[in-house]
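Each chain, letter by letter, is given below.
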Amino acid sequence: MQNQNDPKIIVALDFPSETPALELVDKLDPAKCRLKVGKELFTRSGPQLVERLQKHGFDVFLDLKFHDIPNTTSAAVAAAADLGVWMVNVHASGGEKMMTACRERLEVFGPDRPLLIAVTVLTSMNADDLAGIGITDSPEAQVSRLATLTKNCGLDGVVCSAQEAPKLKAEQGADFQLITPGIRPLTADKGDQQRIMTPTDALKAGSDYLVIGRPITRAADPLAALEAIHAEVQGL
Ligand SMILES: O=c1ccn([C@@H]2O[C@H](COP(=O)(O)O)[C@@H](O)[C@H]2O)c(=O)[nH]1
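These numbers come from a predicted model, not from an experiment.

Here is what the cut-offs are and how they apply
- Residues numbered from 1 in each chain as written.
- Predicted model: local features only at pLDDT ≥ 70, side-chain atom pairs only at ≥ 80, totals over all residues.
- Helix = DSSP H or I, 4+ residues; strand = E, 2+ residues; numbered from the N terminus.
- Rg over C-alpha atoms; globule rule 2.2 N^0.38 Å.
- Buried ≥ 20, exposed ≤ 12 C-beta atoms within 10 Å, placed from the backbone.
- Contact = placed C-beta atoms within 7 Å.
- Expected span 1.5 Å × (residues − 1).
- Arc of directions from axis to C-beta.
- Near = placed C-beta within 6 Å.
- Nonpolar A, V, L, I, M, F, W, Y, C, P; charged D, E, K, R; others polar.
- Right-handed = clockwise from strand over helix to strand, strands pointing away.
- Pairing = 2+ DSSP bridges.
- Axes fitted to C-alpha atoms, helices over the stretch in contact; angles between N-to-C directions.
- Left-handed = near helix turned anticlockwise from the far one by under 90°.

1. Some points on the overall build of the protein
Helix and strand counts for the protein come out as 10 helices and 8 strands. In summary, the protein has a C-alpha radius of gyration of 17 Å against a globular reference of 18 Å for 236 residues, a match within 12%. With the C-alpha coordinates aligned to their principal axes, the bounding extent of the protein is approximately 40 × 40 × 30 Å. The buried share of the protein, taken over its 236 residues, is 42%. In the protein, of all internal contacts separated by at least 6 residues, the share reaching a separation of at least 24 is 68%.

Here it is as structure tokens:
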């Protein structure tokens, strides 16, 4: 069930175990943020933790970025739907057949199905990284191509950098959801992210949801860091 407040900030719970994750979650308000469970925490703590977070009232984005053959991937998104998550994702580079199979598999879950989105180009990648895997187009062009494929397969949106948001909103329309990691307040470390934007600029550029991890979770006072971002974007 979707959070009626529709908070735009998704806190990435990238922790090595559920103890520090729950320590932070206990201080958070589900009216003000959603939570993302990714590969590390899910591999450690599994579906039980996701259920626990949901019982606390949080919408959960299960960020496992499935990438496999259509039969395997569609079964995995159905398992995520059974778990009751708000959002689940696959890699767009898995292609048309895989994404279509996933979308079709979720139809039986009706209107309460999770949002199904596809990762375009990881925000940690720049043009050189793309060239390294044989893609000579710019990240922006590759993101556009994969977003068009994703929309044609009937998915709800993509993971991209906020830098690509204006182009994608123009090309794919306002309803196509843009979930943007690589969010960095001005004072935050870039870390391994390449295509970054501040929370304010990202929302102004057309991001629907901001995925924010280390600027909150590694802050000396994570709650204060989240509150500062929340205050910054309030009313945008
Ligand atoms: O392209 C992508 C797709 C997913 N992510 C995930 O988002 C968070 C970002 O965390 P930060 O600490 O704010 O960098 C992380 O869980 C990634 O797995 C991404 O960064 N880029």
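2. Notes on helix α10 (residues 222-233)
If you check α10, its first and last C-alpha atoms are 17 Å apart, about what 12 residues at 1.5 Å a residue would give, namely 16 Å. Turning to α10, its buried residues are A225, L226 and I229. For α10, the angular spread of buried residues about the axis comes to 95°, placing them on one side. Along α10, the residues that are exposed and aim more than 90 degrees away from the buried face are A224 and A231.

3. With respect to the site of the ligand
Inspection of the region around the ligand gives 16 residues, with A12, T123, P181, G213 and R214 positioned closest. Breaking the shell around the ligand down by element, the ones donating at least two residues are β8 (209-212) and α9 (214-217). Classifying every residue of the shell around the ligand by side-chain character gives 8 nonpolar, 6 polar and 2 charged.

4. Digging into the pairing of strand β3 (residues 60-66)
Side chains on a regular strand alternate between the two faces of the sheet. The element β3 is largely enclosed, with a buried count of 5 among its 7 residues. In this fold, the crossover linking strand β2 (residues 34-37) to β3 by way of helix α2 (residues 39-55) has right-handed handedness. As judged from the 3 bridges shared by β3 and strand β4 (residues 87-91), these two strands associate in the parallel manner. The residue bridging F61 from the neighbouring strand is M87, located in β4. For the crossover from β3 across helix α3 (residues 70-83) to β4, the handedness is right-handed.

5. Considering the packing of helix α6 (residues 139-152) against helix α7 (residues 165-172)
Close contact between α6 and α7 brings their axes to 10 Å; oriented N to C, the two are set at 35°. For the crossing formed where α6 meets α7, the hand is right-handed. Contact residues: E140, S144, A147 and K151 in α6; K167, L168, E171 and Q172 in α7. Split by residue class, the contact of α6 with α7 holds 2 nonpolar, 2 polar and 4 charged.

6. Some details on the sheet that holds β4
The 8 strands are arranged β1-β2-β3-β4-β5-β6-β7-β8 in a closed barrel whose pairing can be described as parallel. Adjacent strand axes in the sheet meet at a mean angle of 25°, parallel and antiparallel pairs treated alike. The sheet contact formed by β2 and β3 spans 3 bridges and is parallel. Paired with L35 across the two strands is V60, which belongs to β3.

7. So, the pairing of strand β1 (residues 9-12)
Side chains of β1 alternate between two faces, with I9 and V11 and I10 and A12 buried alike. In this sheet, β8 lies alongside β1 in parallel orientation, the contact comprising 3 bridges. Bridging from a neighbouring strand, V11 pairs with I212 of β8. Relative to β2, β1 runs parallel, the two sharing 3 bridges. Directly across from I10, in β2, lies its bridge partner R34.

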